[in-house]
Structure formats: structure tokens, C-alpha cells
Amino acid sequence: MTILALGLGLGLGAFAQPAVADPNYLEQAISDTKEAIAAGKQMESASFVEHIDDAYDHARSAVWQTPVDPIRKGIKYLRKAAKLAKGTSLDKRIDKATEQAELALEQFQSVK
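Here's what I pulled together on the structure shown here. (Residues numbered from 1 in each chain as written. Predicted model: local features only at pLDDT ≥ 70, side-chain atom pairs only at ≥ 80, totals over all residues. Heavy atoms only, no water.)

The helix and strand inventory of the protein stands at 5 helices and 0 strands. Put simply, the protein runs from its N terminus to its C terminus through helices and strands in the order α-α-α-α-α. Per-residue burial for the protein yields a buried fraction of 31% across its 112 residues. Restricting the contact set of the protein to residue pairs at least 6 apart, pairs at least 24 apart contribute 67%. In the structure as shown, the protein presents an accessible area of about 7,300 Å², 56% of it carried by carbon and sulfur atoms. (Helix = DSSP H or I, 4+ residues; strand = E, 2+ residues; numbered from the N terminus. Buried < 20%, exposed > 50% of the residue type's maximum accessible area, 1.4 Å probe, protein only. Contact = heavy atoms within 4.5 Å. Areas by Shrake-Rupley, 256 points an atom, 1.4 Å probe, with all protein chains shown as cover.)

Looking now at the nonpolar core. One finds Phe48, Ile52, Ile71, Leu78 and Phe108 to be the most contacted residues of the largest nonpolar core, which totals 25 residues. Mapped onto this core, the elements with two or more residues apiece are helix H2 (25-41), helix H3 (45-65), helix H4 (69-85) and helix H5 (91-111). A per-element tally of this core places H3 first, with 7 residues. Beyond its immediate stretch of four places on either side in the chain, Leu78 contacts Thr33, Ile52, Ala55, Tyr56, Ala59, Ala104 and Phe108. (Core = buried A, V, L, I, M, F, W, Y, C linked by side-chain atoms within 4.5 Å.)

What follows concerns the environment of His58. Mapped onto the fold, His58 is located in helix H3. Classification of His58 by relative accessible area gives partly exposed; the value is 22%. In this structure, the C-alpha to C-alpha distance between His58 and Leu26, residues 32 residues apart in sequence, is 6.6 Å. Apart from the residues lying within four places of it in its own chain, the contact partners of His58 are Tyr25, Gln28, Ala29 and Asp32.

Dropping the structure here:
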């Protein structure tokens with residue numbers, strides 16, 4: 001009975017493999033941040049926020065793979081950018097948010 005239980009446990013263990021992490025999270029965060037910056041320079045606040053949110057999600061995944069301070073700092077800049085840009089179309093706020101995104105991009109690129 002013990003051997004049967006062990007065999008069953010090992011057999012099921014083969015199916016319970018953890019998901020393989022996508023090694024391109026940082027690259028995706030960089031790409032999304034660049035797109036956000038382009039949208040910010042065009043004063044397209046909705047598109048800016050959408051790209052910042054995507055970059056934030058990818059950066060959070062990247063920091064789990066590579067837990068380094070520049071990624072963490074970049075995430076903070078992305079949060080500030082999102083906070084500045086959400087719910088506004090004021091050019092000054094979009095400019096400041098775009099500056100925050102540029103700072104985040106610098107942090108992400110320093111990891112490479």
C-alpha cells in the first residue's frame with residue numbers, strides 16, 4: 001500500500017510542475033514604458049495610462065525573477081506616473097507623468 005501511495009504521489013507530482021516564468025518580463029516592461037512615453041508626448045492620457053499599467057504588471061513580474069533595486073525603483077516611478085495621469089487631461093500633469101515614465105525606463109534599462 002505504501003509503494004502504491006508513493007507511486008501515485010510521484011506520478012501526480014509530474015503534472016504539478018510550476019509554470020515556467022517568462023524571461024522577457026523586463027523586456028516587455030521596457031517596451032510598454034516606451035509606448036507610454038510616446039503616448040504621453042502626444043498628450044494621449046488614456047493610452048498613456050493603459051501602457052503604464054501594462055508596464056507596471058510586467059515590471060512586478062520581472063522583479064520576482066530578478067529582485068534588484070533598479071526594477072523596484074522603476075516600479076515606484078511607474079506608480080507615480082499612473083497616479084499623475086489617471087483621470088486627467090491636463091498637459092502639465094501628463095508631462096510630469098511622462099517624466100516619471102522616463103525615469104522608470106532609465107532604471108529598467110540599467111539592469112540590462
